[in-house]
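Secondary and tertiary structure notes
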Amino acid sequence: MMNTPDDTRSRILAAARELFATHGYAATSLADIAAAVGLTKTAVAYHFHPKDRLAAELTAPAGDDVLVLLDTDFAGDRQAFVEALATFVVRHRTVIRLLMEDIVGADDALPGSRGEAIRPFRDEIFARLAGPDPDAAARIRGWAVIGALQWGVVQTMDLPEETVRDLLVRTALII
């Protein structure tokens, strides 16, 4: 039975998602992805060249979901926002892993980079966590929650999503 182009793309995307989550974006080559799906590097490049096209396709659903999250009115309910945010980061933990360097370096990101594109979303999430005109304690709590969520999902890729989500929510609410 022959694979259709859509099957091949799906297999490539699944392999890339797994490899990026395990080894990181920079450490994963098109050759690595090709080996994982039993194709040549040229065949993978036919569907996704340059490698950034793979990242863009994998991150698009997370982008849509973060827009929905930030468009939701939580009416100042920090707990509801933290729960929704934790659900988002766990659902998209592979993407969070893929973007970690961009998220961490967003303040120094060059114009046109992914880091620059991420900065407004990160800053809006921080504002929702810390509140308007945050004092030192609120600022520290806001950044601590963001850090806990980022690292909590990236370093627990092997654990079930529900477990990670529940523990991250509990942790974020006590920060």
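As shown above, the structure is provided for reference.
Figured I'd write up the structure that's included with this text. What you are looking at is a predicted structure, and each value in this text was computed from that prediction instead of being measured. (Residues numbered from 1 in each chain as written. Predicted model: local features only at pLDDT ≥ 70, side-chain atom pairs only at ≥ 80, totals over all residues. Heavy atoms only, no water.)

**Re the overall build of the protein**
Applicable threshold: A run of DSSP states H or I qualifies as a helix once it reaches four residues; a run of E qualifies as a strand once it reaches two. Both are numbered from the N-terminal end. Each residue's exposure class comes from its accessible area (1.4 Å probe, protein chains only) as a fraction of the maximum for that residue type: buried when under 20%, exposed when over 50%, partly exposed otherwise. For this analysis, residues touch if any pair of their heavy atoms sits within 4.5 Å. The Shrake-Rupley method, run with a 1.4 Å probe sphere, supplies the accessible areas, and residue values consider only the shown protein chains as cover. Residues scored as positive are Lys and Arg, those scored as negative are Asp and Glu, and His as well as the terminal groups of each chain are ignored. By convention, the point assigned to a charge is CZ for Arg, NZ for Lys, CD for Glu and CG for Asp.
When helices and strands are counted, the protein shows nine helices and zero strands. The linear arrangement of helices and strands in the protein, starting from the amino end, is α-α-α-α-α-α-α-α-α. Dimensions of the protein along its principal axes, counting C-alpha atoms only, are 60 × 35 × 25 Å. Out of the 175 residues in the protein, the part that is buried amounts to 39%. The contacts of the protein with a sequence gap of at least 6 include a subset with a gap of at least 24, amounting to 60%. Surface summary for the protein: the accessible area is close to 9,900 Å², and the carbon and sulfur share equals 57%. The protein carries 18 positive and 25 negative side-chain charges, and their two centres are separated by 4 Å.

**Section: the packing of helix α8 (residues 136–154) against helix α9 (residues 161–174)**
Put simply, the rule is: Axis definition: a line fitted to C-alpha atoms, limited for helices to the stretch in contact. Angles are taken between N-to-C directions and run from 0 to 180 degrees. An angle counts as roughly parallel when it lies under 35 degrees, as roughly antiparallel when it exceeds 145, as roughly perpendicular when it falls between 65 and 115, and as oblique in every other case. Handedness of a crossing is defined here by the sense of rotation of the near helix relative to the far one, left-handed for an anticlockwise turn of less than a right angle and right-handed for a clockwise turn. In this classification, the charged set is Asp, Glu, Lys and Arg, the nonpolar set is Ala, Val, Leu, Ile, Met, Phe, Trp, Tyr, Cys and Pro, and all remaining amino acids, among them Gly, are polar.
In the contact formed by α8 and α9, the axes pass within 10 Å of each other and the chain directions differ by 160 degrees. Relative to α9, α8 is oriented roughly antiparallel. The chirality of how α8 crosses α9 is right-handed. Mapping the contact onto sequence places Val145, Ala148, Leu149, Gly152 and Val153 in α8 and Val164, Leu168 and Ala172 in α9. For the contact of α8 with α9, the residue count by class is seven nonpolar, one polar and no charged.

**Some details on the packing of aromatic side chains**
Condition: For this analysis, a ring pair means two rings from Phe, Tyr or Trp (six-membered ring only for Trp) whose centres lie within 6.5 Å, classed as stacked if their planes differ by under 30 degrees, edge-to-face if by over 60, and tilted for the remaining angles.
A complete count under the given rule lists two aromatic pairs for this structure. Both rings, one in Phe74 and one in Phe81, keep their centres 5.4 Å apart while their planes meet at 75 degrees; by these two values the pair is edge-to-face.

**Topic: the nonpolar core**
The following threshold applies: To qualify as a nonpolar core, a set must consist of buried Ala, Val, Leu, Ile, Met, Phe, Trp, Tyr and Cys residues joined through side-chain atoms within 4.5 Å.
Counting 31 residues, the largest nonpolar core has Phe81, Leu85, Phe88, Val89, Ile125, Leu129 and Val153 as its most contacted members. If you list the elements that add at least two residues to this core, you get α4 (51–71), α5 (78–91), α6 (93–104), α7 (114–130), α8 and α9. Not counting the four nearest positions on each side in its chain, Leu85 is found in contact with Leu69, Ile125, Leu129 and Leu149. With 17 residues, the next largest nonpolar core counts Leu30, Val37, Val44 and Ala55 among its residues.

**As for the pattern of salt bridges**
Cut-off, in case you're wondering: By convention in these notes, a salt bridge is any Lys or Arg side-chain nitrogen within 4 Å of a carboxyl oxygen on Asp or Glu.
Inspection of the entire model under this criterion finds six salt bridges. Here Arg9 ties to Glu57 by a salt bridge, and the two come within 2.6 Å at their closest N and O atoms. Linking Arg9 in helix α1 (residues 5–23) with Glu57 in helix α4, this pair joins segments that are 48 residues apart in sequence. According to the relative accessible area criterion, Glu57 is partly exposed, its value standing at 34%.

**Points about the side chain of Thr28**
Note the threshold: For this analysis, a polar contact is any N or O atom pair within 3.5 Å, provided that within protein one partner can donate a hydrogen and the other can accept it, and provided that sequence-adjacent residues contribute only side-chain to side-chain pairs.
Note on placement: Thr28 falls in the loop between α1 and α2 (30–37). Side-chain polar atoms of Thr28 contact the backbone oxygen of Leu19, separated by 3.4 Å. Leaving out residues up to four positions away in the same chain, Thr28 has contacts with Leu19, Phe20, His23, Ile33 and Lys51.

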